[in-house]
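What follows is the residue order along each chain.
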Amino acid sequence: MIRVYRSGCTACEPSTVDPADWSMPPDTLWIDLINPTRQEDAAVERALGLAVPTREEMAELEASSRVYRENGATYATADLITHGDDALPGLEPVTFVLTDGPLVTVRYTDPRPFAMMVDKLGREPALCTSGADMFLNLMEAVIDRNSDVLSRNGARVEGIAGHIFSGGRAVGFDKLITKLGQAQMASARIEQSLAGLLRIFAFVGMDERVDTDEARSHLWSLGRDADSLIAHNQSVAVAINFQLSAALGLINIEQSSIIKIFSVAAVAFLPPTLIASIYGMNFEHMPELPQPWAYPAAIAAMLVSAVLPLAWFKRKGWL
C-alpha cells in the first residue's frame, strides 16, 4: 500500500493511491510504503527517479547497505521495535529515504511510531513543511517509543527483583529466570535499535537537507536522547545479569540446604544402624541376648547414638 501525506491541508491526512495510474502530487511531503508490491515500488521509482530497496536488501546488516547515498538521495535503514508492549518485543528493519522532495519510508511492519506520527500531524499541521522535517519528527517519535519500551522493560525487571529478594524460598524461580531471559533479549533489541539510530543520525548530519541551525539542533538533541537511553538500557542489562546470578545462587543455596539435611540424616542414623546390625547377627554366643534388659538397652543405645551427632552438629552451627 502507498500512503501519501500532502501539505496545504488543515491536517496531513493519508490517502491510498492506485499504483497503476499514480503520479506524485507536487505538494507531497511523505510517501509511506507499507508492504509494497512490485508495482507500487515501480510507481514510486518512476515518480522520484530513485530505487526503492527490497525487503531482502533492507535485512542486510553491513553498514554500507544500511546507510548510503544514491542518485542524490540519502538511504538509511533502522531496526525499529515492534510489539513493544509484549514481554519480548520484535525488531524489524524500516528504510528512510531523504530526497529533495518528500520523505519516503519503506516498511513491512507497523511500528507504533508511525501511528504516533500520524496523530501528531493531525494535531499540529505546521509540522508539514518539508521531507527533512518529517524525517526528524518521525525519528523523535521513534526515540519516544523506544523510551516507553525501555521504561516498561525496566519496570518489569524491578518487579522480578522484588520476588527474588523477598526473603522467601526459591520456589517458582524457573519462571522468574524465563522472565529475566525475555527482559535480557528485550534489552538487547532496544540497544540494537538505538545503536542503529545513532549511526543514522551521524550519517544524516552530513546531509545538506538538514543544514539549518534548527534541523541540526533537532538532530543533535535526538542523538543525545539516544545516548542517554543506551546508558539507561545498559544499567537495566546490568540489573538483569545481577538478578539472574542472584536467582541461580539462591537456587543453589536451597538445593545445598536440602542436600545438607539428607547428609545430616544419613550421618545421624548411621550409629543406630550399626547397633541394629550388630544385634541382628545370628551368632550363638552373644551374652546379653538372653537378658531381659537387652532389648530396651539396644533401643536406648540407638536413640542416644542418633541424638549425640545431631547435638554436635547443632553446637557447631551446621544445622
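These remarks concern the structure in this document. (Residues numbered from 1 in each chain as written. Predicted model: local features only at pLDDT ≥ 70, side-chain atom pairs only at ≥ 80, totals over all residues. Heavy atoms only, no water.)

**Examining the pairing of strand 3 (residues 28-34)**
Now for step 1: A large share of strand 3 lies buried, amounting to seven of its seven residues.
Now for step 2: With five bridges joining them, strand 1 (residues 2-6) and strand 3 adopt antiparallel strand pairing. Residue pairing in the sheet places tyrosine 5 in a bridge with tryptophan 30 of strand 3.
Now for step 3: Bridging between strand 3 and strand 7 (residues 103-107) involves five bridges; their strand directions are parallel. Within the sheet, the bridge partner assigned to tryptophan 30 lies in strand 7 and is leucine 103. (Buried < 20%, exposed > 50% of the residue type's maximum accessible area, 1.4 Å probe, protein only. Helix = DSSP H or I, 4+ residues; strand = E, 2+ residues; numbered from the N terminus. Pairing = 2+ DSSP bridges.)

**Details of empty space enclosed by the protein**
Now for step 1: Counted under the stated rule, the structure contains one cavity of 30 Å³ or more.
Now for step 2: Size it by volume and the largest cavity reaches roughly 40 Å³.
Now for step 3: In terms of lining, the largest cavity is formed by Val44, Glu45, Leu48, Leu50, Ala51, Val52, Tyr75, Val97 and Val104.
Now for step 4: If one sorts the elements of the lining of the largest cavity by residue count, helix 1 (residues 38-48) sits on top with three residues.
Now for step 5: Residues of the lining of the largest cavity, tallied by class, amount to eight nonpolar, no polar and one charged. (1 Å grid on protein atoms, 1.4 Å probe; cavity = no way out; pocket = protein on both sides within 12 Å on 5 of 7 lines; lining within 4 Å. Points joined across faces, edges and corners; volume = space filled by probe spheres on them. Nonpolar A, V, L, I, M, F, W, Y, C, P; charged D, E, K, R; others polar.)

**A look at the environment of threonine 82**
Now for step 1: For threonine 82, the position within the fold is in strand 5 (residues 73-82).
Now for step 2: Exposure remark for threonine 82: the relative accessible area of 5% places this residue in the buried category.

**With respect to helix 4 (residues 112-123)**
Now for step 1: Taking 1.5 Å of rise per residue, the 12 residues of helix 4 would be expected to cover 16 Å, and the 17 Å separating its terminal C-alpha atoms lies within 8% of that figure.
Now for step 2: Among the residues of helix 4, those classed as buried are Pro113, Phe114, Met117, Lys120 and Leu121. Along the axis of helix 4, the buried positions cluster into a sector of 120°, meaning they face one direction only.
Now for step 3: Of the surrounding secondary structure, the elements contacted by the buried residues of helix 4 are strand 1, strand 3, strand 5, strand 6 (90-98), strand 7 and helix 5 (131-164). (Expected span 1.5 Å × (residues − 1). Arc of directions from axis to C-beta. Contact = heavy atoms within 4.5 Å.)

**Digging into the pattern of salt bridges**
Now for step 1: For the structure shown, the criterion picks out 10 salt bridges.
Now for step 2: Arginine 107 is the partner of aspartate 32 in a salt bridge, and the nearest nitrogen-oxygen pair spans 2.6 Å. Here arginine 107 lies in strand 7 and aspartate 32 lies in strand 3, a separation of 75 residues in the sequence. For the pair aspartate 32 and arginine 107, one class covers both residues: buried. (Salt bridge = Lys/Arg side-chain N within 4 Å of Asp/Glu carboxyl O.)

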